Amino acid sequence: MTPEQFNEIAANIETQVSRVIVGQRDIVRQTLVTLLAGGNALLEGVPGLGKTMLVRTLAQVLDCKFSRIQFTPDLMPADIVGTNILVEDASGARRFQFEPGPVFANLVLADEINRATPKTQSALLEAMQEHSVTVAKTTHRMSEPFFVLATQNPLEMEGTYPLPEAQLDRFFFKLNVTFPNVDELVTIADRTTGQDTARPQSIANGMTICEMQQLARGVPIAPHITQAAARLIRATHSDDANAPDMVKRYVKWGSSPRGMQALILAGKITALLDGRYNVALDDFRAVAPPVLRHRLIRET
Amino acid sequence: MYDQLVLELKPLARRLRWRTSIELLTRTAWLALAAAALVLVVARFVPLENYSRIAASIVVLYFGAWLGYSALHRLTSFHVARRADDELALRDRLATALQFTKPDASIHAGIHPDLVARQVEDALYHAQRIEPREAFPPRVERRRVAAALVAALAIAALLLIPNPMDAVIAERRGIAKTAQEQAKKLEELAKTIQENQKLNPQDKEQLLKKLRELAAQLKANPGDAKKALADVAKFQDVLRASLDVNQASQAAALDALAQQMAALAKQSDTPQDADELAKLLEQLVGSSSEPTDPNALSSAERAALAQALQQTASQVAASDPNLASALSELAQQLSQNASGEALQNAVNQASNALQNAAQQQALQQALAQSLNQADATQRAVSQASQTSGRQTSNNQGQGNQGQGNQGQQGNQGNQGQGQGQGQGPSQGQGNQGQGQGQGQGQGNQLGGGGGTNASSLPPGSGMGKAGDPTQPNKSFNTDDANTVYSPFQVGQGQQENVNGQDSGNGQTTTQQNKSPLPGANNSALVPYSQVYQQYSAIAGQAMENAYIPAGLKDYVKQYFSALEP
């Protein structure tokens, strides 16, 4: 995989996704960055903004296995990761066999993740972090690439189980899905209410995505840029000497080291997508909001 | 690769250095210029020595510092790369490439080598396409440049427009110089007094101490006329307290006695001081006690000598009771034709008293000399403060010349103080500096006498004739008004009224008062020059303490110059 191929594939993915998803270019770009970084994204937005459509389209474009899990209060961990069931073979012998849950896919949409109990949420979050699940003392690896896109509704908070800070930290990006403007709404109406519906082409497969992920990690980053990232993360903590006044006044707890990792990885991918071979401070400026917005705990 | 990259960055480094210097200049020059302008503005309200040099020094120091910074300031390749990255939106290409190509670079294992090579090539590509002049144009902050221009214009204007404080500075310099000169004169006077053997050592030491103190104060004076005049006035007050106003009458009485004794001794030379008088007295009385002596006095001569001694004793009774007592005792011994030890004791007492009187006389002369010098210093300082201001404002030399002449006249008048001989009004116009007995010559018209600067005089003995002055009246001028009535002198003596004697036929008779110097103790009558100095000093203080525009100060100075005696 060369950087040129990386750019070409990424551009094609965005082009194909944009055939289905109207507007939301930043969301599409940041979702792609999350995917290429091997992370998971949390999308926050009201229902009907195309979150499911985005993940489904991505799965089509990448020719990957897609699954959707609708989180409800009665959803159990086994409903997500799968369970051992008793099966009888042709000889009549009975044995337990692991039946994988919907999490065993390349692209997983965890819809309204905050409606499930913390126990269920944690089952998914383990899979997100480790790319594996353990059932009956047996660990089952996910197939790569593994990408979870969780959504949560900022409205209707009653009866929900907000994700704890430790769990939120496992998401690479938190993306705020904004409501489309009038032109975009008109385009959505034209595309979805006619006889023909746009169907994206498959551009890459899971192997290609893995190669792209590998290349992105090899992007050079100068020591002074890494130090800048480290200083930025330190400055999100109110007890740091270099923290700005706003942080000292409003931030209770700053970003974890995962935030720095996400910042640098996202910066590398942004640099490659921009046609560069080095990470720049401007890349950090571009990716800092989705990296840090769910990692800063505000004073109440 | 690193060297090539550094080579590409060198033109950028030079350009950035140049631009940094220009930016520093345009950002900060206004501060130095404004500071210089502020100094010039302040110098218009406060007398500031060498203000032009101070302002110039600020500007020169600033530009020196700027040149030094520009010459010594160096940018590393890394800093150049970072600034180029920032300003040319190169997204940290150059700085990253430098970091990865420098000799001691350690590339992390996770970094793709091919990507590193591509990154360096990409950075080099961008570096080669940078045109330094276009990439780094000078950034000039117009507001600060405008501020610098305004400050520069203000400096030019302030330097071109005459500074009213120049007059004050010149005045101070003149005063300081005059004070130095006067201090030297005081020191010379101190040397003269030091060599005077007739003075009592204690009195001499005290007088010398005061003289040297005043000289030191004047030497240290930075040009403050008020302080100089105050120092001089304090010195004058101290000396005047020691000055015996009756000393002149005593001297006159002793002179008269000396003349009479010289006549009795048949000498052509009159004794010049009390020492010689004492010797002559011992000679006369000693011979009279030896009947065989051919030079022995006759009875008539002894009686005349006794009478002269008695008269002198009565005249000096007020100023020197000891001398009066000794002379009276000797006169009594002579009248009683005493001889032997009693007469010799009386002679010795009179001789000792005369020698003491001689010391007192010498001291009074030294005090008078010191006072004269103090008066001269006072006038010189006043003149310096007036002349300096006038010279600077008018840039003319005529006024200075006139001042010198007036000062010369005043000095002459002052030297006559207390030493002038009493002259009757009928004797006409006297010399400048000689006194005139007060209360004499009353009539329908004023006498035509002149020279009235003496404040202590022997009693007048002339006869005036009403309606027939010996000299014609003359027009008034300030030189004539040498003695004026000064109501501010109240408290320095008792008021004494002397009524004229109207004999009906227009003739006046001599008024013989208890005081040997009628009118001399009347402190309401003071020399005009003294009153002038007071008023001039007060006006000078007012001009120093209150704000008066420099132009108006000249009017006040001119006014007092016109009145100057």
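Residues numbered from 1 in each chain as written. Chains lettered and ligands numbered in written order. Predicted model: local features only at pLDDT ≥ 70, side-chain atom pairs only at ≥ 80, totals over all residues. Heavy atoms only, no water.

**Re the overall build of chain B**
Using the following cut-off: Here a strand is any run of E in DSSP of at least two residues, a helix any run of H or I of at least four, and the numbering for each starts at the N terminus. The contact criterion used is simple: two residues touch if any of their non-hydrogen atoms lie within 4.5 Å. Per-residue and other accessible areas were derived by the Shrake-Rupley procedure at a 1.4 Å probe size, with only the shown protein chains allowed to occlude residues.
The helix and strand tally for chain B stands at 18 helices and two strands. At a minimum sequence separation of 6, the contacts of chain B that also span at least 24 residues come to 70%. Split by element, the accessible area of chain B, about 30500 Å² in all, is 51% carbon and sulfur.

**Some details on the confidence of the model for chain B**
What counts is decided by this rule: The pLDDT value tells you how sure the predictor is about a given residue, anywhere from 0 up to 100.
For chain B, per-residue confidence averages 74 on the pLDDT scale, and 72% of positions sit at 70 or higher. Overall, residues 487–496 of chain B carries pLDDT values under 50, and its contacts beyond four positions in sequence, including any with other chains, amount to 12 contacts.

**Observations concerning the interface of chain A and chain B**
Which entries qualify depends on this criterion: Here the quantity called buried area is the accessible surface, traced with a 1.4 Å probe, that two parts lose on coming together, added over both. By definition, a salt bridge exists where a carboxyl oxygen of Asp or Glu is found within 4 Å of a side-chain nitrogen of Lys or Arg. Gly is placed with the polar residues, together with every amino acid not listed as nonpolar (Ala, Val, Leu, Ile, Met, Phe, Trp, Tyr, Cys and Pro) or charged (Asp, Glu, Lys and Arg).
The interface of chain A with chain B comprises 23 residues on the first partner and 17 residues on the second. Here chain A packs against chain B, burying approximately 1600 Å² in sum over the two surfaces, 62% of which is carbon and sulfur. Residue Arg 91 of chain B pairs with Asp 282 of chain A through a salt bridge whose shortest N-O separation is 3.0 Å. Grouping the constituent residues of the side of chain A that touches chain B by class yields 12 nonpolar, four polar and seven charged.

**What about the sheet that holds strand β9 (residues 173–176) of chain A?**
All names here are of chain A. The condition that has to hold: When DSSP finds at least two bridges between two strands, those strands are taken to pair. A fitted line through C-alpha atoms represents every axis, and for helices the fit uses only the stretch in contact; the resulting angles, taken between N-to-C directions, go from 0 to 180 degrees.
Taken in spatial order, the five strands of this open sheet run β2-β5-β8-β1-β9, and their pairing is parallel. Of all strands in the sheet, those with a lone pairing partner are β2 (66–70) and β9, marking the two edges. Taking the axes of each pair of neighbouring strands and ignoring which way they run, one obtains an average angle of 20 degrees across the sheet. In this sheet, strand β8 (residues 147–152) lies alongside strand β1 (residues 41–44) in parallel orientation, the contact comprising four bridges. Paired with Leu 43 across the bridge in β8 is Thr 151.

**Description of the pattern of salt bridges**
Worth spelling out the cut-off: Think of it in three bands: with a 1.4 Å probe and only protein chains considered, a residue is buried below 20% of the maximum accessible area for its type, exposed above 50%, and partly exposed in between.
Across all of its chains, the model carries 26 salt bridges over all chains by this definition. Here Glu 4 of chain A makes a salt bridge to Arg 118 of chain B, at a shortest N to O gap of 2.5 Å. In this pair, Glu 4 of chain A sits in helix α1 (residues 3–20) while Arg 118 of chain B sits in helix α5 (residues 113–128), so the two residues belong to two different chains. The class of Glu 4 of chain A is partly exposed, set by a relative accessible area of 39%. Between Glu 23 of chain B and Arg 139 of chain B there is a salt bridge; the shortest N-O distance is 2.8 Å. In this pair, Glu 23 of chain B sits in helix α1 (residues 2–42) while Arg 139 of chain B sits in the loop between α6 (132–135) and α7 (142–160), placing the two residues 116 residues apart along the sequence. Through salt bridges with shared partners, a single ionic network connects Asp 274, Arg 276, Asp 282, Asp 283 and Arg 285 of chain A together with Arg 91 of chain B.

**Examining helix α5 (residues 118–130) of chain A**
All names here are of chain A. Here is the rule: Here the expected span of a helix is defined as 1.5 Å times the quantity of residues minus one.
The end-to-end C-alpha separation of α5 is 18 Å, in line with the 18 Å expected for 13 residues at 1.5 Å each. The complete set of buried residues in α5 reads Thr 120, Gln 121, Ala 123, Leu 124, Leu 125, Ala 127 and Met 128. Against α4 (77–81), β5 (107–111), β6 (132–135), β8 and α6 (165–168) lie the buried residues of α5. A positive backbone phi angle near 55 degrees is found at His 131, which sits one or two residues after α5.

**Points about the pairing of strand β7 (residues 138–141) of chain A**
All names here are of chain A. Pairing of β6 with β7 involves four bridges; the strand directions are antiparallel. Each bridged residue has a counterpart across the sheet, and for Val 133 the counterpart in β7 is His 140. Here β6 hands over to β7 after two residues, with Ala 136 in that stretch at a positive phi of 50 degrees.

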